[in-house]
Amino acid sequence: MKSHDQLLNLLKRHPDQYVSGAMMSQELNVSRTAVWKQIRKLETAGYEIEASTKLGYRLLYSPDEINSERLAESHSTARFGQSIHYFEQVKSTQDSARALAESGAPEGTLVLAEEQTGGRGRMGRGWVSPQGKGIWMSMVMRPHVPIHCAPQLTLLTAVALCRSLRRLTELPIGIKWPNDLLIRGKKISGILLESAAEDERLKYIVAGVGISVNLSEGDYPEELLAKATSLRIEAGQPFSRSAIVAEFMQEWETLYDLFLQEGFNAIAALWESLSVSIGQKVRLVTPQGELEGTPVGLDESGAIRVERADGSLVTIFSAEMGEPLNRS
Ligand code: BTN
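Because the structure is a prediction, the values reported are computed rather than measured.

## Digging into the packing of helix α8 (residues 241-262) against helix α9 (residues 265-274)
Logical step 1: In contact at an axis separation of 8 Å, α8 and α9 are set at 135° when each is read in the N-to-C sense. By the angle between their directions, the pair α8 and α9 is classed as oblique. On α9, the residues touching Leu255, Leu258 and Phe259 of α8 are Ala266, Ile267 and Leu270.
Logical step 2: Looking at the contact of α8 with α9 residue by residue, the classes come out as six nonpolar, no polar and no charged.

Below is the structure:
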């Protein structure tokens, strides 16, 4: 057995208690420096260990493991998440899923990674994706719809994720237009859809979803703490990532099939019922300039309709939406 496994076993045998460095080095027959090095290794693997100079080390949190074979069997979807490509570390699951899509991977092919070294967000931003703490995944979709329907699939993905996370965590999760999931104003999840088209038809979509599940405050850079949070921080307890993926796959496929059969209307109504943007006065930065107004609903394409102070309505297809302006 490797010494970090032995050390982990030792910590696990003393739940909620400190184990002194002296006792560890004695039991494992290694130096105190070697113990410290193994502790660092466990921390990089997602374990949280409290260190006290007087008392020793205490295991606070073990990352939950994803077993991709068991995961594929845990939901009864026809396509979504039936073929899972699981990686310890990738640059971005978007790139891996795109390569699979290009080589003909079927719809529902899912890429999951424990860690992303170059996770991508919307608008060219990065995405914090530490090891073992979140769900960093991308799925291949091959809908037979015109290219202008792609934004509707982004909204659909947000609805499916919001409904499944609410069911599992009972947290007050809402959707900020177009597809950020927030709890009490802070972001817990982001969605990034990238598509490839041929002759005005979608060849495939790679739907990337990042869910901050078990991150603690120390996992975020200082400047993000005011804006970002995790399910664990908000609920005060960790959650099983596999359970979340399974629930999400089920809900996502159900809504996707509804969308393919009946169109976007039913999805739009669900989105509106979960939205935290509707009725809140905001500033929007669009490619055409800035404006202030109150979102009132979606139009049939998935764009948001915004009412301005003079009562006029504008339809916004793409924008960065700011914080609510009328919050005290
Ligand atoms: C956003 O900016 O809100 C979108 C964030 C999307 C992040 C996910 S994590 C899995 C997938 N791989 C990436 O590089 N990005 C998406």
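## Quick word on unusual backbone geometry
Logical step 1: With omega at 0°, the peptide bond leading from Trp177 into Pro178 counts as cis.
Logical step 2: Checked against the element boundaries, Pro178 lands in the loop between β6 (173-176) and β7 (180-183).
Logical step 3: The phi dihedral of Asp16 falls on the positive side, at around 60°, and the residue is not glycine.
Logical step 4: Looking at the secondary structure, you find Asp16 in the loop between α1 (3-12) and α2 (21-28).
Logical step 5: According to the relative accessible area criterion, Asp16 is exposed, its value standing at 63%.
Logical step 6: Positive phi is not limited to glycine here, since Arg184 has a value of about 45°.
Logical step 7: Residue position: Arg184 is located in the loop between β7 and β8 (186-198).
Logical step 8: For Arg184, a relative accessible area of 56% translates into the label exposed.

## Some words on the pattern of salt bridges
Logical step 1: The full count for this structure, using the stated rule, is 22 salt bridges.
Logical step 2: Linking Glu107 and Arg79 is a salt bridge whose minimum nitrogen-to-oxygen distance equals 3.1 Å. Placement of Glu107 in the loop between α5 (93-102) and β4 (110-116) and of Arg79 in the loop between α4 (68-73) and β3 (84-90) is noted, with a sequence separation of 28 residues between them.
Logical step 3: For Glu107, a relative accessible area of 16% translates into the label buried.
Logical step 4: Put simply, Lys281 and Glu292 hold a salt bridge, and the shortest N to O gap is 3.8 Å. Of this pair, Lys281 sits in the loop between α9 and β10 (282-286) while Glu292 is found in strand β11 (residues 289-298), placing the two residues eleven residues apart along the sequence.

## Quick look at the packing of helix α6 (residues 150-169) against α8
Logical step 1: Packing of α6 against α8 brings their axes to within 8 Å, and their N-to-C directions diverge by 135°. As summarised for this structure, α6 and α8 are arranged oblique, according to the angle between their axes. When the axes of α6 and α8 are compared, the crossing they make is right-handed. Facing Gln152, Leu153, Leu156, Thr157, Val159, Ala160, Leu161, Arg163, Ser164, Leu165, Arg167 and Leu168 of α6, the residues of α8 in contact are Ala243, Ile244, Glu247, Phe248, Glu251, Trp252, Leu255, Tyr256 and Phe259.
Logical step 2: Of the residues that constitute the contact of α6 with α8, the class distribution is 14 nonpolar, three polar and four charged.

## A look at the pairing of β3
Logical step 1: Summarising the sheet, β3 and β4 pair through six bridges and their orientation is parallel. Residue Val90 lies in a different strand from β4, and its bridge partner there is Gln116.

Procedures and definitions
- Residues numbered from 1 in each chain as written.
- Predicted model: local features only at pLDDT ≥ 70, side-chain atom pairs only at ≥ 80, totals over all residues.
- Heavy atoms only, no water.
- Axes fitted to C-alpha atoms, helices over the stretch in contact; angles between N-to-C directions.
- Helix = DSSP H or I, 4+ residues; strand = E, 2+ residues; numbered from the N terminus.
- Parallel < 35°, antiparallel > 145°, perpendicular 65-115°, else oblique.
- Contact = heavy atoms within 4.5 Å.
- Nonpolar A, V, L, I, M, F, W, Y, C, P; charged D, E, K, R; others polar.
- Buried < 20%, exposed > 50% of the residue type's maximum accessible area, 1.4 Å probe, protein only.
- Salt bridge = Lys/Arg side-chain N within 4 Å of Asp/Glu carboxyl O.
- Left-handed = near helix turned anticlockwise from the far one by under 90°.
- Pairing = 2+ DSSP bridges.

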